[in-house]
Structure formats: C-alpha cells, structure tokens
Amino acid sequence: MISLTHYLVVSGILFCIGLYVVLVKRNAIQILIGIEMMLNTAILNLVAFGRYDKLNNGGQMFALFAIVLAAATTAVALAIILNVYRRYKTIDPDKVDQLKD
Amino acid sequence: MAYHALAAVLLPLLAFVINGFLKGKASGWVSTIAILLSGVLAIIVFNHTFNGGTIHISRLWFTIGDTQLQAGVLLNNLSTILLLLVNLIALPVHIFSMAYMGHDQRYGRYFTCLSLFCFSMLALVVVDNMVLFYAFWELVGFSSYLLIGFWYKKEVAIQANKKAFIMNRIGDVGLLIAILVLYSQYHTFDLIKLFGEGGLISQSYIKDGMWIAPASSIPAVWQYIACVGVFLAVCAKSAQFPLHTWLPDAMEGPTSVSALIHAATMVAAGIFLLGRAFPMFNTSELDVLAIIGCFTAFMAATIALTQNDLKRILAFSTISQLGFMVMAMGINAYASSLFHLVTHAFFKCLLFLVAGVVIHEMQHVKDENHLDIDPQNILYMGGLRKRMPLTFIAAIIGGAALVGLPLTSGYLSKDGILIQAFEWADTKSAVYMTIPIMMIITSLLTAFYIARLIFKVFFGKLRVLDVKPAVLCHISDGGWQYKVPLILLSVCCLFPVFSLNPLLYEHSWVYRAFMSAEHLERMNIYHTIIPVGLNIMVVVVIYYAYAVYVQERKMLPFAQNNWAFDFSYHQWYFNKAYNTLFVKPVLALSGGLFWFDRTIIDGFISLLQNILLWLSKMADVFDRYVIDGFLHLITAIVQYIGNFVRSFQTGRVQYYLLSMLAVIVAWFIFKTLI
C-alpha cells in the first residue's frame, strides 16, 4: 500500500530537484520550470494530506486553486522574462545584476 | 594775595602741560614766559606780604573718618621769600637754558621737565600742610631725577640719577615717618597748627619719658624718631653727611639744571624743611644738627680742594655751604641760616652758569678740533679771562661772594653765621669751640678751592694747547642768553640787594625778617674780630693760591701722591665705603634671591610643569590607545560586518536564494543541535 510517507518523499525529492534547478540554471525559463516544480511538490503535498479531509476534499480544492494561481504567476513570470530580455538582450540571471544597486 | 601766589605756582604747571603737547623750539619760550609771569606775581605777593604777617587760606580737600584734610596756601616771610627766590633763580636759568640746550634734540622735553620742577618747587614752598608738602617733596625729587638723567644715553647719567633717586628715597621715608608720628601725636597735618607760634609743638614738652602734647601723650622716643625722620629728609635733599654722595654725581645732568636744582633751589628744600620744622628740635637735637652740618661743611671743602671736574668742585662747594646752613640751624642762628640760603642760591647759581658757559665753549673747542678731552676738566682750561671777560667778572663776583669777601652778599650771611657760632660756643663747654674753629678752617679751605678753580680756569695759559698746539679756539662770552643771566645774578650777589650797610649783617632785610628786634645790638668782640680776622686770612690764602697756580711757585704743602691727597681726591672713600657696606651686600642679597627664585622656585614650578606634562602624556596615551582603540575596534567590527554582509549583495537572484537557503538550513541545523 502506498502510504503518506511515499508521497512526502517523492515531493521532497521533487522539491530538491526544483530548488537545484532554480539555483543552478543559467536560463530564466529553466528557473521558471524549477519554480513550477517546487510549486507542484507543494500541490502534491496538499493532495496527499487531503486524505484527512474526505468529507470536504479541502486538499484537492486548494490544489486546484494553487494550479490556477500557478498558471497565472507563470504568465506574469513569462511576461517579466520577456521584458528582461527586451531590456538586456539576455535571460541569463547572472548577467542581470542590477538589484545590487 | 594767596590767589596771586597760587597763580604763580600754577603757571609753570600750565607751561608743563602745554609743553607736553608742543614740539620744536617754542617750548623754551613757553616755559620762560610762564616763569617770567610767575616771577612778576611773586614780586607782587612779596611786596604785599613780606613782613606783613601770615596769610593762610585753605579749602576742605577730603575727609577720612573724622579727619578733615585742608589744602591751602600759607604765606609768611619764609614762604614768600622762597617763592620770590625760586622765581628769581629760575628766570635766568630758563633764559640761559634756551641757548645752552638750543642744539639738543630733546629741547622740548628739557623745558617740560624744567617747568615741572619749577611747579613742584614753588608749590612745595607755599603749601600749608604736611601731606601736600610730602607730595611736592616727592615731585621735586622726581623731576630732579628726570633732569639728572636727561642725557639718558650716557651710562654715568643713568647711574647718577638712580643714585640720587635712591638716596632721596631714604630721606623721603624719614619725612613720611616724621609726618605720621606728628599726626598720631597731634591729629593734624596743618603747618601753622603744628609749627606756628604758640602752636601744638611749642605747647608740648617731654617729662618722665613721655612726650606730652595738649591733647595726648606718647613715649618720648617718638619725638626722637620724628626728629631723626626730618633730619634724614634734610640730609637726603640737602646732601648732608651721610647721604651726600648723590649730589656730586648729579652733576651728570645739564649744567643749567645743576645751577637751578642742585645748587640753588632743590637742595635748599632741606633747609626750608628745617626752617618749617624748626620748633620740633630741642637743644640736644640741635647740637647734633650743628655737628653734622659742621662735619659736612668741612669734609666737602676738603674734597673740593683736589677735584679736577669744574662742576664737581662746585657740587662739593654746594654741599659745604649747605653744611653751613644746617650748622647755622643747629646753633639756633635761624635767621642767618635762611639768609645764607638766599645769598648762596644766587652766587652758587651764578658760579654754575659761569661753569656752564665755560663748559659750553670748551665743548665747542673739543668738537671743532676733534680732541679727546673732558670739557669739564679744569686742567685743560686756563687763560680764559681775556677771551671771555664778562664770564670772568661774573666768576670773580660769585667766587668773592662764596668766600665771603666784603661788599658781597656772601660776606653778610656767612660772617653772620660764624659770629653766631662763636657766641653759641661761648655758652657751652669748651669742646664745642671746635665747631666754630672748624667753620673758620672750612672758610679758608673754601677760599683756597674757589681761588684754585678761578686761577686754573681764567689765568695762566690755555692748557688745551699743550695737548694739541694747533687748536682753533673760538671762545667768547656767548650770546645774550648767556650774558643777561650772568649780569642779573652778578648784581644779586652784591651787597646793596640785601643790605645798605655792606659790613653789618644785622642790617640786612632778609636777616631782620626772621629775627625779632632785640637781637640787633652788637654784643661782643666777635662782631668785629671775626670778619676782620677771617678776611685777612682769606686774602692770604687767596694770595697763596695765586702764587701756587698762577706764578707756579713750588709751594704746595703736600705732594699729589700722599695719603691726604688720595683721601681728598677719592672723596673720603665714601663711595667705596657705601659700595662695600650697602651696595654690594644688597646686590649679593638680590643675587642670592635671584638664585633662589631661579633654582628653587622656578625649579619647583618646572618640576610641577614636568609632572603635568608627564601626566598629560599618560592621558594622551590612554586616550589614543585605549579610548580611541575601543572606538576603532567598534568601527572595525561594524566595517567588517558591513563588508561581510555586502558580499551577499551581488545583485544576482540566485545568490540571494542560495543565501536564504543557507540561512534556513543553518537555522534548522541549529534547532536540531540544541
């Protein structure tokens, strides 16, 4: 039988991969993918914990909301990346370091 | 009349003030006109007041406690005649000075000082209380100090004025003490109340060791202290032994100053003080006065015998004649003493002005020929009688008056003193006879030294020619500024000015003014024998001097290298003795104190200073390394932290995320471990 622990381990592994991608990749699109991956581990957790609320299915409900929101944020993020590209002619986050000023 | 006198006193003060602002040659005229007007006023005052009783006006000056101090003018015979005398002497001297000081760069300053002196002297004569008297007494000394040191670039002049001032200070302290003693006994400073006829002093007496006044009594020793104080003052001002040594040195001033101040007026202030304070002295104190005066007269006359400096001879002559006056006071010949004061003022001033003319001409000879001689040394003079006849005649008149030859004023006053000295000694024990005999000897010495002076200066041949035979000599009597004063003073040295009878001093108006009538008859043989005998001896002495100095016979009683000559030439070694006894110990003491100050006091101060320096250095080190170090440490830490934190701010999003991750991981590790 697949227990809660298995879900949590999978989501933990996925989270770590997502985090690694966010920290290491030289491409803003890949970073965005990493972020989405981390978000999805959270959604996975919500669904996994949903077994404790079978009456209302709160976990699944929140997962749906989160997916919708993730789509929205992804759109916003893509728009930001487009703008960054327009301005800097690159989407390598190492080269966009104006935040330090 | 008192206001006339006041105006006469204040005119020179006005001249002094004006000259203070004035530059150039006008100051001579300002001073001279002031003294001329003052003289006219003095004559008016004299005409109205002389023999006319006492005039005294005063105003309240200030009040201390219940003591009211009055300031005012007191005119009696004594002050009136001195007021006139000072003016009559000062006028020719002013005229003389205009030519004598004419080429001096500080002509204006000279007349400023001279006017200040005239003001103080005139005021000294007419003031009516001891406080003002003391003030003007000091002012006279101060202006004398200024004038002695007039040529302040001459080192000797500076030494001389310092000496005169210090010597006079000793007398001033005496006078101050006397004034304070008199005040504590009588509670008044008023001269009339103190010394007037029937005044407080004449009412007080000494009994059982107490000095009893009408209102109070104090131990008798205070009476002696007061008398010694007055006597010290007289000694200092009138150059009596033991404070006489300043007067010869004071000759470093201009000759006209010597004539006015150090021959005729200021030195007479001491006698004037004696005249004012005469009732204070009792018989034994008067005897001391007589002895001191007699000794001074004799000593100064012996010194004058061997001096070679023209002015110095006259200075010692002045000391000698002042000794005569003090002695005359001591033998109770009050009137004769003041009479001699008046006549002496004229003839000694005349002699000094003669000396001034001679020195002036010798200076010219020296400057024209670039000689290295002392223009005052009589050994370089000689034969001047043909070149400057008027000066010669004036010198003869002055000298004759000084010696006391008949027909001169000096005869009247000096023989009066001698006669009374003999009369006085008659009433005492035989020992006292030495005093009049000493005075006779002194008179003969006087005749010798003044004859030596006149013969050396005016007879024989000009000895400058021995130094350098080709000397150009333009020697003459000089301009009217020289001639007029000489003529004026010469006339005042002759008998008609003082008495219509040339032989009897009792007939002189000055003498009568100070003497009540009953003393006028000629009581004994002295009145005949002394003048006759003395004059015969004097003529012999003068002839002897003539033989020695003009005919140059070898008749000197002693050679110029034995002890007596040295003793006289070195002025009885008084200067050396004072130097050893007073000056050197004082200098040594001050040297010691200086050393003490330098080494101990300054050493202590510098020790303190070093300690303070050390302390502040420590504080500096503490501040620098501990306080500042602490602050630097804090800033360094802050800087380090800042740098450390700044290193995270790379501006790259991924680094920020990595940092956040690191912090969170660190947090969790931390939580787990603890």
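Residues numbered from 1 in each chain as written. Chains lettered and ligands numbered in written order. Predicted model: local features only at pLDDT ≥ 70, side-chain atom pairs only at ≥ 80, totals over all residues. Heavy atoms only, no water.

Identification of chain B as NADH-quinone oxidoreductase subunit L from Mucilaginibacter agri is taken from an unreviewed UniProt entry.

As recorded by an unreviewed UniProt entry, chain A carries the name NADH-quinone oxidoreductase subunit K and is attributed to Mucilaginibacter agri.

### Looking at the pairing of strand β2 (residues 67–75) of chain B
All names here are of chain B. Where we set the bar: By definition, two strands form a pair when at least two bridges between them are found by DSSP. Going along the chain from the N terminus, every DSSP run of H or I of four or more residues is numbered as a helix, and every run of E of two or more is numbered as a strand.
The pairing of strand β1 (residues 55–64) with β2 spans nine bridges and is classified as antiparallel. Note on β2: the bridge partner recorded for Leu60 is Gln70. Between β1 and the antiparallel strand that follows it, β2, lie two residues; Gly65 among them carries a positive phi value of about 60°.

### Regarding the packing of aromatic side chains
Residue and element names in this part refer to chain B. Heads up, the condition is: Each Phe, Tyr or Trp ring, with Trp reduced to its six-membered ring, pairs with another whose centre is within 6.5 Å; inter-plane angles below 30 degrees give stacked pairs, above 60 give edge-to-face pairs, and intermediate values give tilted ones. Here the term buried applies to any residue with accessible area under 20% of the maximum for its type, exposed to any over 50%, and partly exposed to those in between, with areas from a 1.4 Å probe on protein chains only. Geometrically, a lysine NZ or arginine CZ counts as sitting over a ring once it is within 6 Å of the ring centre and also within 35 degrees of the ring normal.
Within the structure shown, the criterion is met by 35 aromatic pairs over all chains. Note on Phe455 and Tyr546: the rings are 5.3 Å apart at their centroids and 70° apart in plane angle, and the pair reads as edge-to-face. Separated by 91 residues along the polypeptide, Phe455 in helix α19 (residues 434–458) and Tyr546 in helix α23 (residues 526–549) bring together distant segments of the chain. Here Phe455 falls in the buried class, since its relative accessible area comes to 10%. Residue Tyr546 is classed as partly exposed on the basis of its relative accessible area, which comes to 28%. Each member of the aromatic cluster is reached from another via a ring pair, and the members are Phe241, Phe295, Phe567, Trp572, Tyr573, Phe574, Tyr578 and Phe582. Residue placement shows Arg106 over the ring face of Phe150; its charged tip is 4.5 Å from the ring centre. Residue placement shows Lys428 over the ring face of Tyr432; its charged tip is 5.1 Å from the ring centre.

### Here we look at the interface of chain A and chain B
A common way to express how large an interface is: the accessible area buried when the components associate. Where we set the bar: Only heavy atoms enter the contact rule, under which two residues are in contact if any of them lie within 4.5 Å. Take the accessible area each of two parts loses on contact, using a 1.4 Å probe, and add the two losses: that sum is the buried area. In the sections that follow, a salt bridge refers to a side-chain nitrogen of Lys or Arg positioned within 4 Å of a carboxyl oxygen of Asp or Glu. Any N or O atom pair separated by 3.5 Å or less is treated as a polar contact, with the protein-specific requirement of one donor-capable and one acceptor-capable atom, and with residues adjacent in sequence counted only for side-chain atom pairs.
Taken together, the 14 residues of chain A in the interface contact eleven residues of chain B. For the pair chain A and chain B, the summed buried surface comes to about 910 Å²; carbon and sulfur atoms form 60% of the total. Where chain A touches chain B, the interface holds zero salt bridges. Inspection of the region where chain A meets chain B yields four residue pairs in polar contact (both at pLDDT 80 or more).

### Details of the nonpolar core
All names here are of chain B. Inclusion rule: Take the buried residues of types Ala, Val, Leu, Ile, Met, Phe, Trp, Tyr and Cys, join any two whose side-chain atoms come within 4.5 Å, and each joined set is a nonpolar core. Throughout the structure description, domain borders are defined by an automatic or database domain assignment.
Core analysis: the biggest nonpolar cluster contains 219 residues, and Ile89, Met280, Val358 and Phe458 have the highest contact counts within it. In terms of residue count, the dominant contributor to this core is helix α15 (residues 334–369) (21 residues). Each of two domains, domain 1 (1–128) and domain 2 (282–569), supplies a minimum of three residues to this core. The residues touching Met280, leaving out its near neighbours within four places in the chain, are Leu182, Phe195, Ile201, Gln223, Ala226, Cys227, Val230 and Glu285.

### Regarding the sheet that holds strand β5 (residues 217–219) of chain B
Residues and elements named next belong to chain B. As a reminder, the rule being used: Convention adopted: a line fitted to C-alpha atoms gives each axis, helices being fitted over their contacting stretch, and angles between N-to-C directions are expressed from 0 to 180 degrees.
Judged by pairing direction, the sheet is antiparallel, and its three strands sit side by side in the order β3-β4-β5 without closing on themselves. Only two strands of the sheet have a single partner each, and these edge strands are β3 (205–207) and β5. On average, adjacent strands in this sheet sit at an angle of 30° to one another, irrespective of strand direction. Of the pairings in the sheet, the one linking strand β4 (residues 210–212) to β5 comprises three bridges and is antiparallel in character. Residue pairing for β5: Trp211 is matched across the bridge by Ile218. Against the sheet, helix α6 (residues 155–186) contacts β4 and β5, and its axis sits at roughly 70° relative to β4.

### A short note on helix α21 (residues 480–492) of chain B
Note the cut-off: The span expected for a helix works out to 1.5 Å for each residue beyond the first.
Helix length check: α21(B), at 13 residues, gives a terminal C-alpha distance of 18 Å against a target of 18 Å (1.5 Å per residue), a fit within 8%. Against α3 (77–100), α15, α17 (389–403) and α18 (409–426) of chain B lie the buried residues of α21(B).

### Brief notes about the pattern of salt bridges
Counting across every chain of the model gives nine salt bridges over all chains. Between A:Asp94 and A:Arg26 there is a salt bridge, and its shortest N-O distance comes to 2.9 Å. Taken together, the positions of A:Asp94 in the segment after α3 (58–88) and A:Arg26 in the loop between α1 (4–24) and α2 (28–49) put the pair 68 residues apart, joining distant regions of the chain. For B:Asp602, the salt bridge identified is with B:Arg598, shortest N-O distance 3.4 Å. Pair noted here: B:Asp602 and B:Arg598 are both in helix α25 (residues 574–646), with a separation of four residues, about one helical turn. Judged by its relative accessible area of 52%, B:Arg598 falls in the exposed class. A cluster of three or more residues bridged by salt bridges with shared partners is formed by B:Glu138, B:Arg169 and B:Asp172.

### Description of the domain arrangement of chain B
Entries for chain B in the domain assignment read domain 1 (1–128), domain 2 (282–569) and domain 3 (576–673). Inter-centroid distance (C-alpha atoms) of domain 1 of chain B to domain 3 of chain B is 72 Å.

### Examining the environment of B:Gln321
Residues and elements named next belong to chain B. Relative to the assigned elements, Gln321 resides in helix α14 (residues 310–330). Each C-alpha atom, one on Gln321 and one on Ala301, is 8.9 Å from the other, the two residues being 20 residues apart in sequence. Beyond its immediate chain neighbours, meaning those up to four positions away, Gln321 contacts His340, His344, Phe347, Lys348, Leu402, Lys414, Thr446 and Tyr449. Among the polar contacts listed, one links the side chain of Gln321 to the side chain of His340, at a separation of 2.8 Å.

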